[in-house]
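As a plain string of letters, each chain reads:
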Amino acid sequence: MLSSVQLTPGTLVVNEVFTPEQCEQIIQDATNWTKRKAEVYQSGTSATINPDTRLGNTYSCPQEIIHNAWWRSRIDSVAIHYLRKQYPISLNWTNIEIQMVEYADPGDLFGEHRDAHLTQQFYPGIMRKLSMSVELTNPKHYTGANLKIVNDDSSTIRPDTDQGDVVVFPSWQPHKVTELETGIRRALVVWYYGPFWT
């Protein structure tokens, strides 16, 4: 049975989804995925590298791994938990995107952004609906690189997470990652897709 804490009206922190050993196994597995410099998308454009907005690395999980990975059922259980506790969002369970993000160099960051916008012209079919960030690294092993949820009044809330915890929020929710100071932080980022918001 999953337990969670409500951080904002749309954000949950789900505790102890993975053990520290399982987190280390995910990191080890993800180093075999496609690695690239972290990119950003501007509305209606392809991905570009923009060091003013985002610095770090991403490891993209192949679809065949997403659908067969030992950890997929745990990720799905977090999504189901969110739908029951928060909003009954319509999701397409076969449409999911996963990356491991890595903040390894001092100054690595991801400025304020949304994973999806509420403008239908950019989403002819499906769009990102639900976002997750799985804390893979023990927070004692790095400083900075903090995930922060941005509220309507531009104030921010930092989720209090431990290794193996998951932060879940609707993909239109603004958020950011502050500059890395020391150590290395890795997180598994998950996006569930679905039809445009109605």
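The residue numbering used here restarts from 1 in each chain and proceeds along that chain's sequence as written. This being a predicted model, a pLDDT of at least 70 is required before a residue's local features are given, and a value of 80 or more before pairs of side-chain atoms are given or counted; all residues contribute to the totals for chains, interfaces and linings. With hydrogens and water set aside, each side-chain value is computed from the structure's full complement of heavy atoms.

Q: Tell me about the nonpolar core, residues and numbers included.
A: Residue types Ala, Val, Leu, Ile, Met, Phe, Trp, Tyr and Cys, when buried and joined through side-chain atoms within 4.5 Å, form a set referred to as a nonpolar core. Each residue gets one of three labels from its accessible area relative to the maximum for its type: buried under 20%, exposed over 50%, partly exposed in between, using a 1.4 Å probe on protein chains only. Grouped together as the largest cluster of nonpolar side chains are 33 residues, with contacts concentrated most on Trp 33, Trp 71, Ile 75, Ile 98, Met 132, Leu 188 and Tyr 192. Secondary-structure elements contributing two or more residues to this core are β2 (11-15), α1 (20-30), α3 (72-85), β8 (92-103), β10 (126-135), β14 (166-170) and β17 (185-195). Of the residues forming this core, the biggest block, five residues, is contributed by α3. Note on contacts: a residue pair qualifies if any of its non-hydrogen atoms lie within 4.5 Å across the two residues. Sequence-distant contacts of Trp 71, defined by excluding residues within four places in its chain, comprise Phe 18, Ile 26, Trp 33, Cys 61, Ile 65 and Ile 98. By definition, any uninterrupted DSSP run of H or I lasting at least four residues is a helix, any uninterrupted run of E lasting at least two residues is a strand, and each is numbered from the N terminus.

Q: I'd like a rundown of the sheet that holds strand β12 (residues 147-150), residues and numbers included.
A: Overall, antiparallel pairing links the five strands, which are arranged β6-β9-β15-β12-β13 in an open sheet. Two strands bound the open sheet, and with one partner strand each, they are β6 (54-55) and β13 (156-157). Pairing between strands is defined by DSSP: at least two bridges between them are needed. Pairing of strand β9 (residues 109-113) with strand β15 (residues 175-177) involves two bridges; the strand directions are antiparallel. Bridge pairing in β15 links Phe 110 to Val 177.

Q: I'd love a proper account of the packing of aromatic side chains, names of residues and values included.
A: Think of it this way: a Phe, Tyr or Trp ring, Trp meaning its six-membered ring, pairs with another when their centres are within 6.5 Å, and the plane angle makes it stacked under 30 degrees, edge-to-face over 60, tilted otherwise. Tallied over the entire structure, the rule returns four aromatic pairs. Relative to Trp 71, the ring of Trp 33 has its centre 6.3 Å away and its plane inclined at 55°; by these criteria the two rings are tilted. Of this pair, Trp 33 sits in the loop between α1 and β3 (34-37) while Trp 71 sits in the loop between α2 (63-66) and α3, and the two are 38 residues apart along the sequence. Both residues of the pair, Trp 33 and Trp 71, count as buried. Ring centres 5.4 Å apart and planes at 70° place the aromatic pair Trp 93 and Tyr 192 in the edge-to-face group. With Trp 93 in strand β8 and Tyr 192 in strand β17, the pair connects residues that are 99 residues apart, well separated along the chain. Only Lys NZ and Arg CZ are tested; either one counts as a charge over a ring when it is within 6 Å of the ring centre and within 35 degrees of the ring normal. One Lys or Arg, Arg 128, reaches over the ring of Trp 191 and ends 3.7 Å from the middle of that ring.

Q: An account of the pairing of β9 is requested, with residue identities and associated values reported.
A: Taken across its five residues, β9 has four buried, putting it largely inside the fold. Two elements, β6 and β9, share two bridges in a ladder whose sense is antiparallel. Of the residues in β9, the one forming a bridge with Leu 55 is Leu 109.

Q: Quick rundown of unusual backbone geometry? Include the residues and the values.
A: The bulk of non-glycine residues show a negative phi, and the bulk of peptide bonds are trans. With a phi angle near 50°, Glu 16 is a residue other than glycine that sits in the positive phi range. Within the secondary structure, Glu 16 sits in the loop between β2 and α1. Accessibility expressed as a relative area gives 69% for Glu 16, which makes it exposed. Of note in the backbone geometry, Ser 154 takes a positive phi value of approximately 75° without being a glycine. Tracing the chain through its elements places Ser 154 in the loop between β12 and β13. On the accessibility criterion, Ser 154 (57% relative accessible area) is exposed.

Q: I'd like a description of the sheet that holds β14, backed by residues and values.
A: The eight strands lie next to each other as β1-β2-β14-β10-β17-β8-β7-β3, forming an open sheet whose pairing is antiparallel. Edge strands, defined here as strands with exactly one partner in the open sheet, are β1 (3-8) and β3. With direction set aside, neighbouring strand axes in the sheet form an average angle of 25°. As judged from the three bridges shared by β2 and β14, these two strands associate in the antiparallel manner. Bridge pairing in β14 links Val 14 to Val 166. To get an axis, a line is fitted to the C-alpha atoms, and for a helix only the part in contact is used. The angle between two axes follows their N-to-C directions and goes from 0 to 180 degrees. In this fold α3 packs onto β1, β2, β8, β10, β14 and β17, with an angle of close to 110° to the strand it touches most, β8.

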